[in-house]
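Fold and geometry: a report
These are the residues of each chain, in order.
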Amino acid sequence: MKTAICAFCAQTGMLCKDCQTKLNSGEITETDVTIAKIAVEFEKEFPNAAKVTILKTIERPSFVLILLTPGSIRFLTGGRADFDVRVERALHKKVKLMEKSKNLRKVVDNIFAPALISGINTIFVPVRSPKPGQPSVEEETIIILPEAEREKLPASIDELVALVKLISGEDIRVEFR
Ligand SMILES: [Zn+2]
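Residues numbered from 1 in each chain as written. Predicted model: local features only at pLDDT ≥ 70, side-chain atom pairs only at ≥ 80, totals over all residues.

**Some points on the domain arrangement of the protein**
- As far as domains go, the protein holds domain 1 (1-100) and domain 2 (102-177).
- In this structure, domain 1 and domain 2 have C-alpha centres spaced 28 Å apart.
- Counting from both sides, the interface comprises seven residues of domain 1 and, opposite them, seven residues of domain 2.
- With three residues, the top contributor of residues to the side of domain 1 that touches domain 2 is strand E2 (residues 63-68).
- A class-by-class count of the residues in the side of domain 1 that touches domain 2 yields five nonpolar, one polar and one charged. (Domains from an automatic or database assignment. Contact = placed C-beta atoms within 7 Å. Helix = DSSP H or I, 4+ residues; strand = E, 2+ residues; numbered from the N terminus. Nonpolar A, V, L, I, M, F, W, Y, C, P; charged D, E, K, R; others polar.)

Structure follows, in structure tokens:
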């Protein structure tokens, strides 16, 4: 598995100069190092996990999101494979595994789970144009959830909106109806 630290460091559990520098500068975190060590052990039991690349870990007070290359999750979970559970045990935090995707619906479904969204609407809102006399519009994406799903949200709405922005680059707004 490709992780935030080099293969040598993940194997030995000690950090080389390059990886230590990344840690000191904040480019990577202790969480990344912990996950890399778990990844090495995991791969010994589940060799297919070698196909996986961890692109990014995003740590929040209530959970850790691990962003993976597309198609990765099937090598990490299912059957006896329990990569997420191992990381949860080590970090004492909920872990969400997520594959990078350009499909906004997929990204949103994943980030908002276990809450179920009922729809995504794109509306066009008029904005002030830089050139007078030329009307201008901006796309706005609204995520709609039934009120009953509110309590199932895995984090605050602000946090979820920020995560969607980070992963897909899209600005969203959340509405309950
Ligand atoms: Zn290293």
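**What to know about the sheet that holds strand E1 (residues 54-59)**
- Spatially, three strands are ordered E1-E2-E5 in an open sheet, and the strand pairing comes out mixed. Looking at strand neighbours, the two that pair on one side only are E1 and strand E5 (94-99), the edges of this open sheet. For this sheet, the mean inter-axis angle between neighbouring strands, taken without regard to orientation, is 20°.
- In the sheet, E2 pairs with E5 via six bridges, with the strands oriented parallel. When the sheet's bridge partners are listed, Leu67 is paired in E5 with Met98.
- Against the sheet, helix H4 (residues 83-91) touches E2 and E5, its axis set at about 140° to E5. (Pairing = 2+ DSSP bridges. Axes fitted to C-alpha atoms, helices over the stretch in contact; angles between N-to-C directions.)

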